[in-house]
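Notes for the structure review
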Amino acid sequence: PGDVAADAPQWAHINTVNLLFSQWADNATLTHWQATEGPVQVGEGDKSAKGYVTAEMAEALNHYVQAGQVLPPWADARKIERAEKLFMNHGALSCILLFCASLPEC
């Protein structure tokens, strides 16, 4: 088992990153999103959660988000758009079919 006191800072960092991730509602949110060093709070009152973004965390998160803004060279935007439309129209049905098909394997 680990040392709780020694491990506490890493768990606080993970909690802070999760707080920041909770601000990401959709891909459009990420277009102008940027992490900054300093305190962060999500929610209000009894439901609020607080954390602190270090300079290293902000730099890593900003790099991660910026790198994710660009599709890789092999990606075909038209195929992605078609797949998104197909999933929006038939996603629930396809998930149910996959879930049911997996039942005999259980």
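In case you missed it, the structure is sitting above this.
One structure accompanies this document, and this report is about it. Note that the structure is predicted; figures quoted are calculated from it, not measured. Residue positions are given per chain, counted from 1 along the sequence in the order it is written. In keeping with the predicted nature of the model, local features appear solely for residues at pLDDT of at least 70, side-chain atom pairs appear and are counted solely at 80 or more, and the whole-chain, interface and lining totals rest on all residues. Calculation of side-chain values draws on the structure's entire complement of heavy atoms; hydrogens and water are dropped beforehand.

Thoughts on helix 4 (residues 77–102)
Note on conventions: DSSP H or I runs of at least 4 residues are helices, E runs of at least 2 residues are strands, and numbering of each starts at the N terminus. What a helix should span is 1.5 Å times the count of its residues minus one. Between its terminal C-alpha atoms helix 4 stretches only 31 Å, short of the 38 Å expected from 26 residues at 1.5 Å a residue. The seven residues ending at a residue and the seven starting there each receive a fitted axis; the angle between those axes is the bend at that residue. Along helix 4, the largest kink reaches about 70 degrees and is centred on H90. Side-chain atoms alone can form a polar contact between residues adjacent in sequence; in general such a contact is a pair of N or O atoms within 3.5 Å, and within protein one must be able to donate a hydrogen while the other accepts it. Taking the backbone nitrogen of R78 as reference, a side-chain oxygen 3.0 Å away marks D76 as the first, capping residue of helix 4.

Points about the packing of aromatic side chains
Ring pairs are drawn from Phe, Tyr and Trp, using the six-membered ring of Trp, whenever the two centres fall within 6.5 Å, and their geometry is named by plane angle: stacked under 30 degrees, edge-to-face over 60, tilted for the rest. Within the structure shown, the criterion is met by two aromatic pairs. Ring geometry for W24 versus W33: centroids 5.2 Å apart, planes at 80 degrees, classification edge-to-face. Of the two residues examined, W24 and W33, each falls in the buried class. Each member of the aromatic cluster is reached from another via a ring pair, and the members are F21, W24 and W33. Note on exposure labels: buried denotes an accessible area under 20% of the residue type's maximum, exposed denotes more than 50%, and partly exposed covers the range between, all computed with a 1.4 Å probe on protein chains only.

Re the pattern of salt bridges
Definition used for salt bridges: Asp or Glu carboxyl oxygen within 4 Å of a side-chain nitrogen of Lys or Arg. Within this structure, the stated rule accounts for one salt bridge. In this structure, K85 and E81 form a salt bridge, with 3.5 Å as the shortest nitrogen-oxygen distance. Taken together, the positions of K85 and E81, both in helix 4 and four residues apart, correspond to about one turn of that helix. The class of K85 is exposed, set by a relative accessible area of 52%. Owing to a relative accessible area of 42%, E81 belongs among the partly exposed residues under this scheme.

Some words on the nonpolar core
Counting residues in hydrophobic clusters, the biggest one holds 13 residues, and the most contacted among them are L20, W33, V53 and L61. Only helix 1 (4–21) and helix 3 (55–68) provide two or more residues apiece to this core. Here this core gets four residues from one element, more than from any other, and that element is helix 3. Apart from residues lying up to four places away in sequence, W33 is in contact with L20, Q23, W24, L61, N62 and V65. Grouping buried Ala, Val, Leu, Ile, Met, Phe, Trp, Tyr and Cys residues that are joined through side-chain atoms within 4.5 Å yields what is termed a nonpolar core. Here, two residues are considered to be in contact whenever any of their heavy atoms come within 4.5 Å of each other.

Regarding the pairing of strand 1 (residues 38–42)
The pairing criterion is simple: DSSP has to find at least two bridges between the two strands. In this sheet, strand 2 (residues 49–53) lies alongside strand 1 in antiparallel orientation, the contact comprising five bridges. Bridging from a neighbouring strand, V42 pairs with A49 of strand 2. What sits between the antiparallel neighbours strand 1 and strand 2 is a turn of six residues, in which G43 has the positive phi angle 85 degrees.

Some thoughts on the side chain of N62
Structurally, the position occupied by N62 is in helix 3. Leave out the neighbours within four places in its chain, and N62 touches W33, Q34 and A35.

A word on helix 1
Residue pairs three or four apart in sequence face the same way in an α-helix, which turns once every 3.6 residues. In this model helix 1 runs 25 Å from its N-terminal to its C-terminal C-alpha over 18 residues, within 8% of the 26 Å that 1.5 Å per residue would give. All buried positions along helix 1 are accounted for by T16, V17, L19 and L20. In this fold, the buried residues of helix 1 make contact with strand 1, strand 2 and helix 3.

Brief notes about the environment of Q34
By the secondary structure assignment, Q34 is in the loop between helix 2 (27–30) and strand 1. Linking Q34 and L20, residues 14 residues apart in sequence, is a C-alpha distance of 9.8 Å.

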